[in-house]
2 protein chains.
Amino acid sequence: MSHADDASPSDRTRDALTAAHLYYMQDLTMDAIAHELHTSRSSVSRLLSHARASGLVDIQIRSPLDAPSRLEKEILDRFHVTAHVVPVPDNASDVDRLERVALSVARILGQYFDSNMTLGVAWGSTMNAISRHVTLKATHNSQIVQLNGAGNMRTTGLAYASEILGRFGTAFGAHVQQFPVPAFFDDPATKQALWRERSVSRLLEIQGRMNVALFGLGSPFSEVTSHVYAGGYLDEADYASLSDAGVVGDVATVFFRADGSTDGIALNERSSGPEFAVLRRTPRRICVVSGSSKLPSLHGALRADLITDLFLDEGTARALLESPLS
Amino acid sequence: MSHADDASPSDRTRDALTAAHLYYMQDLTMDAIAHELHTSRSSVSRLLSHARASGLVDIQIRSPLDAPSRLEKEILDRFHVTAHVVPVPDNASDVDRLERVALSVARILGQYFDSNMTLGVAWGSTMNAISRHVTLKATHNSQIVQLNGAGNMRTTGLAYASEILGRFGTAFGAHVQQFPVPAFFDDPATKQALWRERSVSRLLEIQGRMNVALFGLGSPFSEVTSHVYAGGYLDEADYASLSDAGVVGDVATVFFRADGSTDGIALNERSSGPEFAVLRRTPRRICVVSGSSKLPSLHGALRADLITDLFLDEGTARALLESPLS
DNA sequence: GGTGCTCCTGCACGTATGTTCATTGACAGT
DNA sequence: ACTGTCAATGAACATACGTGCAGGAGCACC
């Protein structure tokens, strides 16, 4: 018996594709598919897993526009951002909350990002969680650009940031543009000088043209400190100066006050993050928040008009709406 | 215990939506969802069924553009239409074939049709099969327009056509425009006269502006006769004239020859179907074929440039490619 | 307040699906 | 040719899922 089985390269993909067709479009059982494909049921199960994991099958949830959740509608009315409330039980732990919001975002992100686009991503525990779940989606001529440096006194941060960026990059088949600078410079002058370097200014230009920005929120003075504040990026003096300036949070290591203002916050002069003016020029600015400890920060970010699309867990959404009018 | 259960109208939808989120975006098990929603696992199963059936959950299969099936690519190269090959085992019966192709089309149709659009549909066994499976998709300000009359010597055909059209209409929440005329007039003059009536010309205008046309193929001289030829629409003389004229098939009761031409086919003067010129002005023209008995007809339709998107079963696709160059 | 009706629920069962594990065959290095 | 590595397979098992069924809540009609 002469085997005609030339296991061509993307042969598995081809099979996965027809299996997916048969399963999702024709409602065949895996057993039946196994029979049609002359293989075992287990293999079909695996093929389908593969199909889902590699983005061949795309499952979307489309709210019948007349019925967005009450919370999402109210947030739109009051803050003028498109909210996506992620259902999470109130008794969930903070890590659960983060993980589940991140998973949801990762699944939906593909709807915002496509070929020929540039995605700016920050780093931090939120971004890290998201990056660990992004689902594959093939794109062409697209790139991921790092929004702010991750170096600090102990490390260049390259490994950490590159890990996050890399996951986005491979998921989308996109080119990754790293930003190998410290999160904060010691001397603003150094930043100015470096910003004039062609290698850096090239990257800044890419940032300036990005189509989608994805970021979490930092909240320096909340119980649960974010990655930035735990990682040795700031010293006591820095911290004090933030407190004095009335800072409530940051986006990509750029700080802001409760009213959304940033003027006169000294640390921003030394930050590697994008000026908010740049961010505001980005058509889609996706902010991911989980856990109500970041509420003050979120209020500031909303005031500062940094957000067009907001992902948050149910509890935080409720808390946001219960807080005083703004 | 005071029940706060005010079973609001679209409360079920709301629940279905969160259940879908939890299931498809967060990969929770139905058990876990049941727990979070304070209900039983079975109810969650039903909620999810509901979510899928009512189009809240949308499952798409996206071929990673670099790997369309070999057949689809070859068809594109040779005939310049986007083919969608539906995998069907070669030993499947003709009804199976039709049913499975129809199911696939029904599932994918939502990707072609949206709000503010007009969909023209023909009738016949293929259309009937598709209509029985169309999945819900909410649209606004859209309409379904009947392409050709269905009346014959025995019936107005209204019930039959309206059944088909109606299913599309309810699936998309679209307004249905029926076409209450016979499939074929006895006297061309009657047709001319009627075509000048405002009620009819209004409908013809709608046809002229449709965004998507959906139709099967008729093949008068194949073993398996289509609905048109079995239903008493044509008499012996008509049949003979078609044969004499070298007709190989029809689209919406408008006939054509193997080379795609229609000139001088007398019956067309009496047909209620849209002139091919009208059809060709329609941006998307989706043709559904199952079973290789319709191959000659398909060839003609391709020559006549009636098709932009072609759905067919695997066997027919192979047969199409094996036939002589065209 | 009954009666019949429909719709919804949770249980229990059988089936469909995911996953572990031992086996196999292909391949590269020696 | 031997051997270790690796990916892929199907059998067997454990789990998750769909659905028929009986009971109960709501509601209209007498």
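None of the values given here were measured: they were computed from a predicted structure.

Draft legend 1. Quick look at the pairing of strand E10 (residues 309–313) of chain B. All names here are of chain B. For E10, the buried fraction is high: five of the five residues fall into the buried class. Burial along E10 is two-sided: the residues Asp309, Phe311 and Asp313 and Leu310 and Leu312 are all buried. The pairing of strand E2 (residues 82–86) with E10 spans five bridges and is classified as parallel. The residue of E10 that forms the bridge with Thr82 is Asp309. One ladder, built from four bridges, connects strand E9 (residues 284–289) with E10; its direction is parallel. Each residue of the ladder has a partner; that of Val289, found in E10, is Leu312.

Draft legend 2. Structural context of the protein's contact with DNA strand D. The immediate surroundings of DNA strand D are formed by 13 residues, with A:Thr39, A:Arg46, B:Met30, B:Arg41 and B:Ser45 found nearest. Looking at the surface near DNA strand D, the element that brings in the most residues is helix H3 (residues 41–53) of chain B, giving five residues. Here the residues of the surface near DNA strand D are counted per class, giving two nonpolar, seven polar and four charged.

Draft legend 3. Expanded view of the packing of aromatic side chains. Residue and element names in this part refer to chain A. Scanning all chains against the criterion turns up 16 aromatic pairs over all chains. Pairing Trp123 with Tyr160 gives two aromatic rings, centres 6.2 Å apart and planes at 75°, and the pair type is edge-to-face. Note that Trp123 is positioned in the loop between strand E3 (118–121) and helix H6 (125–131) and Tyr160 in helix H7 (residues 158–172), a separation of 37 residues in sequence. The pair Trp123 / Tyr160 is uniform in exposure class, with both members buried.

Draft legend 4. Up close: the protein's contact with DNA strand C. Around DNA strand C lies a shell of 14 residues, among which A:Met30, A:Arg41, B:Thr39, B:Ser40 and B:Arg46 are the nearest. Sugar and phosphate atoms form 41% of the subset of DNA strand C atoms that lie within 4 Å of the protein. Between DNA strand C and A:Arg41, the relevant distance is 2.8 Å, taken from a base oxygen to a side-chain nitrogen or oxygen of the residue. Going through the elements one at a time, helix H3 (41–53) of chain A together with H3 of chain B are the ones with two or more residues in the surface near DNA strand C. Looking at which element gives the most residues to the surface near DNA strand C, the answer is H3(A), with five residues.

Basis of the calculations
- For every chain, the first residue of its written sequence is number 1, and the numbers climb from 1 along that sequence.
- Labels are handed out in written order, letters beginning with A for the chains and numbers beginning with 1 for the ligands.
- Selection of residues for local features in this predicted model requires a pLDDT of at least 70, selection of side-chain atom pairs for listing and counting requires 80 or more, and totals for whole chains, interfaces and linings are taken over all residues.
- Excluded from the side-chain calculations are hydrogens and water; all other atoms, namely the structure's heavy atoms, are used.
- The buried label applies to any residue whose accessible area, calculated with a 1.4 Å probe on protein chains only, is under 20% of its type's maximum; exposed applies above 50%, and partly exposed to all values in between.
- Helix and strand assignments come from DSSP, with helices taken as H or I runs of at least 4 residues and strands as E runs of at least 2, each series counted from the N terminus.
- The pairing criterion is simple: DSSP has to find at least two bridges between the two strands.
- A cutoff of 4 Å decides nearness: a residue is near a molecule or strand if any of its heavy atoms lies inside that distance of it.
- Any residue that is not Ala, Val, Leu, Ile, Met, Phe, Trp, Tyr, Cys, Pro, Asp, Glu, Lys or Arg is counted as polar, Gly included; the first ten are nonpolar and the last four charged.
- Between the rings of Phe, Tyr and Trp (Trp by its six-membered ring), a pair exists once the centres lie within 6.5 Å; its type follows the angle of the planes, with under 30 degrees stacked, over 60 edge-to-face, and the other angles tilted.
- Two N or O atoms form a polar contact when they lie within 3.5 Å of each other; inside protein one atom must be a possible hydrogen donor and the other a possible acceptor, and for residues adjacent in sequence the pair counts only when both atoms belong to side chains.

That's the geometry; what it means functionally is another story.
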